[in-house]
Amino acid sequence: MADSKQLYQEVILDHNRKPRNWGVLADATHKADGHNPLCGDRIRLTLKLRDDVVDAINVQGESCAICKASASMMTMAVKGKSRGDAEQLVQEFRDLAIGKLDATGPGHLGRLTVFAGVRDLPTRVKCAILPWHTLHAALNSVASTTTEADADPMHAPIGGGA
Ligand code: ZN
């Protein structure tokens, strides 16, 4: 456990110093704003889909370290993926963060499994999930999302709707 905790801290620090794909795409086809009132995280996600593949994705905003690192790693993970594969990653990350998915089990998260540690930190779970929830919103053309109330990623069904 000591090793995974150390890796987690190194990854978070690295992505905070040098967040990948940071900024706003001028030619985005999809975008959404995400807000986590519990912590104060606010992010804007812009992405460009081409032939149903994530051609480019950027995130920008004001957020805590966990949210920023999660967003940075998410952009790396979904870039070049199909919309369906991106949605599957959203589902897997969510399951990982809330403890439904074992980090050592099958899945496509790769290095993102370092976030398995947040399941023991209930107040940070929403910070880690916010970028993914915002990606899900953008892919479904929902302009803004929040971790609270009906849109709470812990309760709202992924791919849900009527
Ligand atoms: Zn946060």
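Report on the accompanying structure.

What counts and what doesn't
- Residues numbered from 1 in each chain as written.
- Predicted model: local features only at pLDDT ≥ 70, side-chain atom pairs only at ≥ 80, totals over all residues.
- Heavy atoms only, no water.
- Helix = DSSP H or I, 4+ residues; strand = E, 2+ residues; numbered from the N terminus.
- Buried < 20%, exposed > 50% of the residue type's maximum accessible area, 1.4 Å probe, protein only.
- Contact = heavy atoms within 4.5 Å.
- Areas by Shrake-Rupley, 256 points an atom, 1.4 Å probe, with all protein chains shown as cover.
- Expected span 1.5 Å × (residues − 1).
- Core = buried A, V, L, I, M, F, W, Y, C linked by side-chain atoms within 4.5 Å.
- Pairing = 2+ DSSP bridges.
- Axes fitted to C-alpha atoms, helices over the stretch in contact; angles between N-to-C directions.

## A closer look at the overall build of the protein chain
- Per the secondary structure count, the protein chain includes four helices and four strands.
- Looking at the protein chain residue by residue over its 162 residues, the buried ones come to 44%.
- For the protein chain, the share of sequence-separated contacts (at least 6 apart) that also reach a separation of at least 24 residues comes to 59%.
- For the protein chain, the accessible surface area stands at approximately 8100 Å², while carbon and sulfur atoms represent 51% of it.

## Some thoughts on helix H2 (residues 65-78)
- Compared with an ideal rise of 1.5 Å per residue, which puts 14 residues at 20 Å, H2 spans 20 Å between its outermost C-alpha atoms and is within 8% of the ideal.
- Phi for Gly80, located one or two positions after H2, is positive at around 90°.

## Focus: the nonpolar core
- Membership of the largest hydrophobic core comes to 42 residues, with the highest contact counts inside it found for Ile66, Val78, Phe93, Phe115 and Leu135.
- If near-sequence neighbours (up to four positions away) are discounted, Ile66 is found in contact with Tyr8, Ile12, Phe115, Val118, Arg124, Cys127 and Ala128.

## What to know about the sheet that holds strand E1 (residues 30-36)
- Pairing is mixed in the open sheet, where four strands are placed in the order E3-E2-E1-E4. The sheet is open, and its two edges are formed by strand E3 (53-62) and strand E4 (144-146), each paired on a single side. The average undirected angle you get between the axes of adjacent strands in this sheet is 20°.
- Where strand E2 (residues 41-50) lies against E3, nine bridges are found, and the strand directions are antiparallel. Counterpart to Thr46 in the pairing with E3 is Asn58.

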